Number of protein chains: 2
Amino acid sequence: MQYKEGKEKFIKTWGELGTNWGINKTMGQIHGLLLISTSEVTTDDIMKELHISRGNVNMNLRSLVEWELIHKIEKPGDRKDYYKAEKDIWTVFRQIIKKRKEKELHPMINLLEDVSAIEAKDEKSAEFLKMMNELSLFSNKADKTLDNLVSSRANILVSTYMKFTR
Amino acid sequence: MQYKEGKEKFIKTWGELGTNWGINKTMGQIHGLLLISTSEVTTDDIMKELHISRGNVNMNLRSLVEWELIHKIEKPGDRKDYYKAEKDIWTVFRQIIKKRKEKELHPMINLLEDVSAIEAKDEKSAEFLKMMNELSLFSNKADKTLDNLVSSRANILVSTYMKFTR
DNA sequence: ACAATTGTTCAAATAATAATGGATTTATGC
DNA sequence: GCATAAATCCATTATTATTTGAACAATTGT
């Protein structure tokens, strides 16, 4: 396989993967492109490479920066913006977990707390409360577990471990 | 808050959550409805409750059965199909992990293996291979970790643990 | 101050995804 | 085996999400 083919396959697949992680296809493709770039890239580089419009690139770059998956680099004496990806995979993973926790887990935890306020006056509401309680226990446990994963030095531990288990 | 309101909020939120987990909105809502039902439900029950068409219910019930998040129940002397949800949250979670692993992680692992076949003949391809290797290490580690999570008796352990950490 | 370059916004167009509802198939009781 | 009820399929329609591109704003060098 040639480099070019591999690159294209990777970008395509990375984009598809993104759609399952709260990252849309183009956003994923841009991220994939930056991940394998040896140098910083500009909006025009991306437009040319992925055949997408300036507006699209701009919006998705903003999202990626917001997710802290890429970094903007301003060069003195150059009015272009340059971007480079966070290349530490573990950090990328943690960033995504962090974002998804905010977007998904927390609203659910809040909801479960809210709806626990109903009265258990019959079988239906009793069953409902029972399920809400189980979901609460689970969600809160998951929240804590993910916090550990994200905030801890697990980074180093896993990176080291990985070297021995490939 | 009344039961009815709580129920509606839960179903709505569960549906929205689903969209982030490879489960579409309606599929999530049906799952939510079954999760809090005290008895087995039929297609007509769901149509009435969620105001959606028979075809839609049918398609999504099939997906839910395929994901093993709900079970079909056939009653002798009754030609209707009944459904009930898997109510053990840990099992639900494991089922979703299992499905997503197949759908997302495995294609990625395969891709990474494929593209590792390119030659490292210049800086770009060397960098590319380096990143593919890091992603491989990470993906394979994740795969194994999730396997443990899904297949092991962690079920019992976590359920027990959860009782003490709420 | 002006021209040139780059970045940003957003309404409209397009594409992707999901839902409908009628046609068809399947299963069951009589 | 026939009538009927339920399930399934799927072409069409509706909805939602994404992309475009042109207008506008910001920045910098001259």
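What you see is a predicted model; the values in this text were computed from it and never measured. (Residues numbered from 1 in each chain as written. Chains lettered and ligands numbered in written order. Predicted model: local features only at pLDDT ≥ 70, side-chain atom pairs only at ≥ 80, totals over all residues. Heavy atoms only, no water.)

## A closer look at the protein's contact with DNA strand C
Item 1. The local shell around DNA strand C holds 20 residues, among which Asn58(A), Arg62(A), Arg79(A), Thr26(B) and Arg79(B) are the closest.
Item 2. Here a phosphate oxygen of DNA strand C and a side-chain polar atom of Asn58(A) are 2.6 Å apart.
Item 3. Gly77(B) is positioned with one of its backbone polar atoms (N or O) 3.4 Å from a phosphate oxygen of DNA strand C.
Item 4. Looking at the surface near DNA strand C residue by residue, the class counts come to 2 nonpolar, 11 polar and 7 charged. (Near = heavy atom within 4 Å. Polar contact = N/O pair within 3.5 Å; in protein donor to acceptor, adjacent residues only side chain to side chain. Nonpolar A, V, L, I, M, F, W, Y, C, P; charged D, E, K, R; others polar.)

## Considerations on unusual backbone geometry
Excluding glycine, most residues fall at negative phi; most peptide bonds, likewise, are trans.
Residue and element names in this part refer to chain A.
Item 1. Positive phi is not limited to glycine here, since glutamate 68 has a value of about 60°.
Item 2. For glutamate 68, the position within the fold is in the loop between α4 (54-66) and β1 (70-74).
Item 3. Take glutamate 68: its relative accessible area is 42%, and that puts it in the partly exposed class. (Helix = DSSP H or I, 4+ residues; strand = E, 2+ residues; numbered from the N terminus. Buried < 20%, exposed > 50% of the residue type's maximum accessible area, 1.4 Å probe, protein only.)

## Let's talk about the pattern of salt bridges
Item 1. What the rule picks out here adds up to 24 salt bridges over all chains.
Item 2. For Glu127(A), the salt bridge identified is with Lys87(B), shortest N-O distance 2.5 Å. Note that Glu127(A) is positioned in helix α6 (residues 123-151) and Lys87(B) in the loop between β2 (81-85) and α5 (89-115), a pairing that runs across two chains.
Item 3. Take Lys87(B): its relative accessible area is 25%, and that puts it in the partly exposed class.
Item 4. Among the ionic pairs, Lys101(B) bridges to Asp147(B), the shortest N-O distance being 2.9 Å. In this pair, Lys101(B) sits in helix α5 while Asp147(B) sits in helix α6 (residues 123-151), placing the two residues 46 residues apart along the sequence.
Item 5. Each of Lys101(A), Asp143(A) and Asp147(A) takes part in a single network of salt bridges with overlapping partners. (Salt bridge = Lys/Arg side-chain N within 4 Å of Asp/Glu carboxyl O.)

## Some details on the pairing of β1(A)
For a regular strand, side-chain orientation follows a simple rule: the groups alternate between the two sheet faces.
All names here are of chain A.
Item 1. In the sheet, β1 pairs with strand β2 (residues 81-85) via 5 bridges, with the strands oriented antiparallel. What sits directly across from lysine 72, in β2, is tyrosine 83.
Item 2. From the end of β1 to the start of β2, which pair antiparallel, there are 6 residues, and glycine 77 there has a positive phi angle of about 75°. (Pairing = 2+ DSSP bridges.)

## As for the protein's contact with DNA strand D
Item 1. What surrounds DNA strand D is a group of 18 residues, the closest being Thr26(A), Arg79(A), Asn58(B), Arg62(B) and Asp81(B).
Item 2. One of the side-chain N or O atoms of Arg79(A) is found 2.4 Å from a base oxygen in DNA strand D.
Item 3. Contributing elements (two or more residues each) for the surface near DNA strand D: α4 of chain A together with α4 (54-66) of chain B.
Item 4. Among the elements that take part in the surface near DNA strand D, α4(B) stands out by supplying 4 residues, more than any other.
Item 5. Of the residues assigned to the surface near DNA strand D, the class counts are 2 nonpolar, 9 polar and 7 charged.

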